[in-house]
Amino acid sequence: METQHLQMQCNPIMTDPEWIALESLDEETKHFIFDDAVLLSLRQRGLVEPADGLWRVTARGHRALSERNYWWLAHTQAARSLCSSALSR
C-alpha cells in the first residue's frame, strides 16, 4: 500500500486510477468501472473528449499514456536493480 501511495505522489503525469481509466478508454473497454468524476478530470486536462456518445482519448492523452508507460518502466527497472543489488550483498 505504501509503495502505490509513493508512486502516485512521485508521478507528475497522472495518478494510477487516471492512468487505468485512460488506458481503458484507449482500448475501447466496454465495461468502464470509473465514475463520471474521473472522466471529467481527464477531460479538464485535455486527455479525453466526448465523441459521438463515447469518450475518445486525445493526442495529448496518448502522449500522457506514453510518458506514464515510460515513467513506470524506468522506475520498475530501477527498483529491480536496487533489489538485485541488495540481494547480492
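Residues numbered from 1 in each chain as written. Predicted model: local features only at pLDDT ≥ 70, side-chain atom pairs only at ≥ 80, totals over all residues. Heavy atoms only, no water.

Draft legend 1. View of the pairing of strand 2 (residues 54-57). As paired strands, strand 1 (residues 48-51) and strand 2 are joined by four bridges and run antiparallel to one another. Along strand 2, the bridge assignment pairs Glu 49 with Arg 56. Linking strand 1 back to strand 2 in an antiparallel pair, the connection comprises two residues, with Asp 52 at a positive phi of about 55°. (Pairing = 2+ DSSP bridges. Helix = DSSP H or I, 4+ residues; strand = E, 2+ residues; numbered from the N terminus.)

Draft legend 2. Quick peek at the pattern of salt bridges. Counted according to the given criterion, the structure contains two salt bridges. As a salt-bridge pair, Arg 45 and Glu 18 come within 2.8 Å of each other at their nearest N and O atoms. Taken together, the residues Arg 45 in the loop between helix 3 (36-44) and strand 1 and Glu 18 in helix 2 (residues 16-26) connect sequence positions 27 residues apart. Judged by relative accessible area, which is 28%, Arg 45 ranks as partly exposed. Between Glu 49 and Arg 56 there is a salt bridge, with its nearest N and O atoms 2.0 Å apart. Judged by relative accessible area, which is 29%, Glu 49 ranks as partly exposed. For Arg 56, a relative accessible area of 40% gives the class partly exposed. (Salt bridge = Lys/Arg side-chain N within 4 Å of Asp/Glu carboxyl O. Buried < 20%, exposed > 50% of the residue type's maximum accessible area, 1.4 Å probe, protein only.)

Purely geometric numbers; function is a separate question.
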